[in-house]
Amino acid sequence: MPCTFGLPGEQHRLLSIGWLAHGHAFPRGPCEAAFVSRLRELLTDAWAPVDFCGVHVCHLCPAAKAPSGADNLFVPGATAVFVAPAMILHDIETHTCCPPDAFIAAVMACPAMRSPICHAAIAAHYQPFPDRRVDRP
């Protein structure tokens, strides 16, 4: 689904992944251990060219125990950049969410976060501030 957060940049190809909500179906199933491990690795040094305001709270857990997080992960893919809350790992491990194959492939192929190669791959699909370079950590 296209990312509709009103992010800066007129021409961008961003796809939202992992914002789950009660009452909305999502694909379920086991994920490969290598994918979960790679996702966890990317999240330890998550980088985003822009910040969102606020936190993402798990809407599937009981309110009193719902974890939350404010970080987001931008993962360059072949034709777009996937934007996911860091909470996607919780959704996969706790709620058996199974992201689309294209996201899994992008995570597995993603260069090191904060590397010039990763920033260039993101910039190929998303330039939030065209007058500034995005490839700086």
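Note that the structure is predicted; figures quoted are calculated from it, not measured.

Visitor: What is the right way to look at the packing of aromatic side chains in this model?
Guide: For any pair of aromatic rings, the description rests on two quantities: the centre-to-centre distance and the angle between the ring planes. Counted by the stated rule, this structure contains 3 aromatic pairs. When the centroid spacing of 6.2 Å and the interplanar angle of 80° are considered together, the rings of Phe-35 and Phe-103 count as edge-to-face. Here Phe-35 is found in helix 1 (residues 33-43), whereas its partner Phe-103 is found in helix 3 (residues 101-109), with 68 residues between them in sequence. Owing to a relative accessible area of 2%, Phe-35 belongs among the buried residues under this scheme.

Visitor: What is the right way to read unusual backbone geometry from this model?
Guide: Note: most residues except glycine have negative phi, and most peptide bonds are trans. A positive phi angle, close to 50°, is found at Thr-96, a residue other than glycine. Residue placement: Thr-96 occurs in the loop between helix 2 (88-95) and helix 3. A positive phi angle is found at Arg-114, which is not glycine, with a value near 70°. Tracing the sequence through the fold places Arg-114 in the loop between helix 3 and helix 4 (116-123).

Visitor: Explain the pairing of strand 5 (residues 81-85) here, please?
Guide: Looking along a regular strand, one sees the side chains alternate between the two faces of the sheet. For strand 5, the buried fraction is high: 5 of the 5 residues fall into the buried class. Residues Val-81, Val-83 and Pro-85 of strand 5 are buried on one face, and the alternating residues Phe-82 and Ala-84, pointing to the opposite face, are buried as well. Across 3 bridges, the pairing between strand 1 (residues 14-16) and strand 5 is parallel. Each residue of the ladder has a partner; that of Leu-14, found in strand 5, is Val-81. With 5 bridges joining them, strand 4 (residues 72-76) and strand 5 adopt antiparallel strand pairing. Paired with Phe-74 across the strands is Val-83, a residue of strand 5. Connecting strand 4 to the next strand, strand 5, in antiparallel fashion are 4 residues.

Definitions and cut-offs
- Residues numbered from 1 in each chain as written.
- Predicted model: local features only at pLDDT ≥ 70, side-chain atom pairs only at ≥ 80, totals over all residues.
- Heavy atoms only, no water.
- Phe/Tyr/Trp six-rings, centres within 6.5 Å; stacked < 30°, edge-to-face > 60°.
- Helix = DSSP H or I, 4+ residues; strand = E, 2+ residues; numbered from the N terminus.
- Buried < 20%, exposed > 50% of the residue type's maximum accessible area, 1.4 Å probe, protein only.
- Pairing = 2+ DSSP bridges.

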